[in-house]
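Secondary and tertiary structure notes
The chain contents come next:
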Amino acid sequence: MKQHRKQPVRRGSAVWAVAITSMAGFITALDNLIVTTALPSIRKDLGGGLEDLEWTVSAYTLTFAVLLMFGASLGDRFGRRRLFAIGLTIFTAASAAAALAPGMGELIAARAAQGVGAAIVTPLTLTLLSAAVPAERRGVAFGVWGAASGIAVATGPLIGGTLTEHLSWQWIFWVNVPLGLALIPLALLRLDESHGPNPSLDLAGTALVSGGLFGIVYALVRGNADGWTSIPVLGGFFAGTALLVGFVLYELRAKHPMLPMRLFRHRSFSAINAASLLMFLGMFGSIFLLSQYLQTVGGYSPMEAGVRMLPWTAMPMIAGPLAGALSDRIGGAPVVTVGMALNAVGLGLWALAVEPQVSYTSLLPALIVCGIGMGMFFAPSANLVMSTVRPEEQGIASGANNAIREVGGAIGVASLAAVFSAQGGYGSASLFVDGLRPALWVGAAAVALAGALALLMPRQRKADGPAPGLATGDAPVTV
């Protein structure tokens, strides 16, 4: 096996790594939701039907989800810094293409290309950050990174609504261009290069997992529009599941697997990934509906609704770094557990408070509790994922965790929307609340279950020595 000599860490490289990876994580996470509030303006300018608008959103989500693990593998093979810069270049160019798109077809293609770039960048942010920051300080670093990504997800509708309302919908894509152009040279100049251990790419495994995730996410995206018992949706679920089973069986026998199945023998790795899926299921599905509640029932414009979500979005800025530092002292598992418990409580408070006519102050406790809980989840969960695997396998672990989160978010939007549609609808404020309330309880239950799974993770301190599967001399586990 080829040995990769560790390069000396340059002075100040840790600070640069935190800044560069956090900003890159911010712009790629932002594009998950920034387009939603701009869809009416896009349709007015470019035409197209409802399906075209859906693909404007899902083209990014699908390519992002199915290529995340391949992006991590490419970084391990060809160099993480190099691929990080290439991914940023693709994302930036695709953002410009989306802003210049003359029609819906071109816009959808550009959104898919954005997803490709984001799928390369996102998993490499954590591996580059982990390589640059000493183990004893990673909690704080992951806290900053987690806060940036959390804020991007939560403020996407606000930023999209503000840019669309005061400039034009094209600016939701143009905003990425100067940031990307600044980050590319900074990454090449200020980040250290690193590689994974395997000299070859697992193309068969990549095809199986990409096809499997594509089938499942496609079925989830199209479920409400085509019907959950329609042939395309059922076919997507069946084919996707079969391909994912084939992926697991193949990886168990592969000489150089993209995702070594032995990683899941570590209880913390399995538990935090299952908890991440449920966390994103509950939170993304709820955010999707609550943003509409503020506009449809509350009567706020997209920008006004985003402003009123700020107590939720601002909390991760404070709670994220503090949670990361706390996880360095007491371990990540209890911090994640408390964070998800707070999220479940917050969603429950939302479910109790929503009414056809309700004052904004009645919603504030739920906003604040959810914001604190979300901030307590992102950084410690990232640290847990990275600390339960070998250093050279952190790219693999990061790609798997991000893919699982994306799938969880897609499941959340689809499943909570299905509950909403079964119990209510858009006909009136009362009907909307009738559907929203049970959907929020489902979201709260999913997040509560995630917290229960976090309790299965062992309390392991730095002094306890390496985790199972880590070779002697590897970095100690920090949970």
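Residues numbered from 1 in each chain as written. Predicted model: local features only at pLDDT ≥ 70, side-chain atom pairs only at ≥ 80, totals over all residues. Heavy atoms only, no water.

Attention shifts here to the packing of helix α1 (residues 13-30) against helix α5 (residues 104-132). A packed helix pair is summarised by two numbers, namely the angle formed by the two axes and the spacing between the axes. For the pair α1 and α5, the least separation of the axes is 9 Å and the interaxial angle reads 160°. By the angle between their directions, the pair α1 and α5 is classed as roughly antiparallel. Of the two possible hands of crossing, α1 and α5 adopt the one that is left-handed. Of α5, the residues touching α1 (which contributes S13, A14, A17, V18, T21, A24, G25 and T28) are A118, V121, T122, T125, L128, L129 and A132. (Axes fitted to C-alpha atoms, helices over the stretch in contact; angles between N-to-C directions. Helix = DSSP H or I, 4+ residues; strand = E, 2+ residues; numbered from the N terminus. Parallel < 35°, antiparallel > 145°, perpendicular 65-115°, else oblique. Left-handed = near helix turned anticlockwise from the far one by under 90°. Contact = heavy atoms within 4.5 Å.)

Further remarks concern the packing of aromatic side chains. On inspection of all chains with the given rule, the structure shows six aromatic pairs. Judged by centre distance (6.3 Å) and plane angle (85°), the rings of W169 and F173 are edge-to-face. Pair check on accessibility: W169 and F173 agree, each one buried. Members of the aromatic cluster, each reached through a chain of ring pairs, are Y293, F420 and F432. (Phe/Tyr/Trp six-rings, centres within 6.5 Å; stacked < 30°, edge-to-face > 60°. Buried < 20%, exposed > 50% of the residue type's maximum accessible area, 1.4 Å probe, protein only.)

A few words now on the nonpolar core. Soluble globular proteins tend to pack their nonpolar side chains together in the buried interior. Counting residues in hydrophobic clusters, the biggest one holds 126 residues, and the most contacted among them are F84, Y293, W312, M340 and W350. Among the elements that take part in this core, helix α11 (residues 267-296) stands out by supplying 15 residues, more than any other. Setting aside anything within four residues of it in sequence, one finds M340 in contact with A275, M279, F377, V447, A450, G451 and A454. (Core = buried A, V, L, I, M, F, W, Y, C linked by side-chain atoms within 4.5 Å.)

This next bit is on the packing of helix α14 (residues 332-353) against helix α17 (residues 429-454). Across the interface, α14 lies against α17 with an axial gap of 8 Å and an inter-helix angle of 165°. With respect to α17, the axis of α14 lies roughly antiparallel. In the crossing of α14 with α17, the sense of the turn from one axis to the other is left-handed. Residues A333, V336, T337, M340, N343, A344, L347, G348, W350, A351 and L352 of α14 pack against R437, L440, W441, G443, A444, V447, A448, A450, G451 and A454 of α17. Along the lines of polarity and charge, the residues of the contact of α14 with α17 split into 15 nonpolar, five polar and one charged. (Nonpolar A, V, L, I, M, F, W, Y, C, P; charged D, E, K, R; others polar.)

This part takes up the environment of L33. You can see L33 is positioned in the loop between α1 and α2 (39-46). Between the C-alpha atom of L33 and that of L158, which follows or precedes it by 125 residues, the distance is 9.4 Å. Each residue touching L33, except ones within four places of it in the same chain, is listed here: V153, G156, P157 and I287.

Scanning all chains against the criterion turns up one salt bridge. Among the ionic pairs, E355 bridges to R437, the shortest N-O distance being 3.6 Å. Residue E355 is found in the loop between α14 and α15 (364-387), and its partner R437 is found in helix α17; the two are separated by 82 residues along the sequence. (Salt bridge = Lys/Arg side-chain N within 4 Å of Asp/Glu carboxyl O.)

Before going further, it helps to spend a moment on the confidence of the model for the protein. Residues with a pLDDT of 70 or more make up 87% of the protein, whose mean pLDDT is 77. The model gives residues 1-11 a pLDDT under 50, and that stretch makes twelve contacts with residues more than four places away or in other chains. Predicted confidence for residues 461-479 stays below pLDDT 50, and this span has 41 contacts to residues more than four positions away or in other chains. (pLDDT = per-residue confidence, 0-100.)

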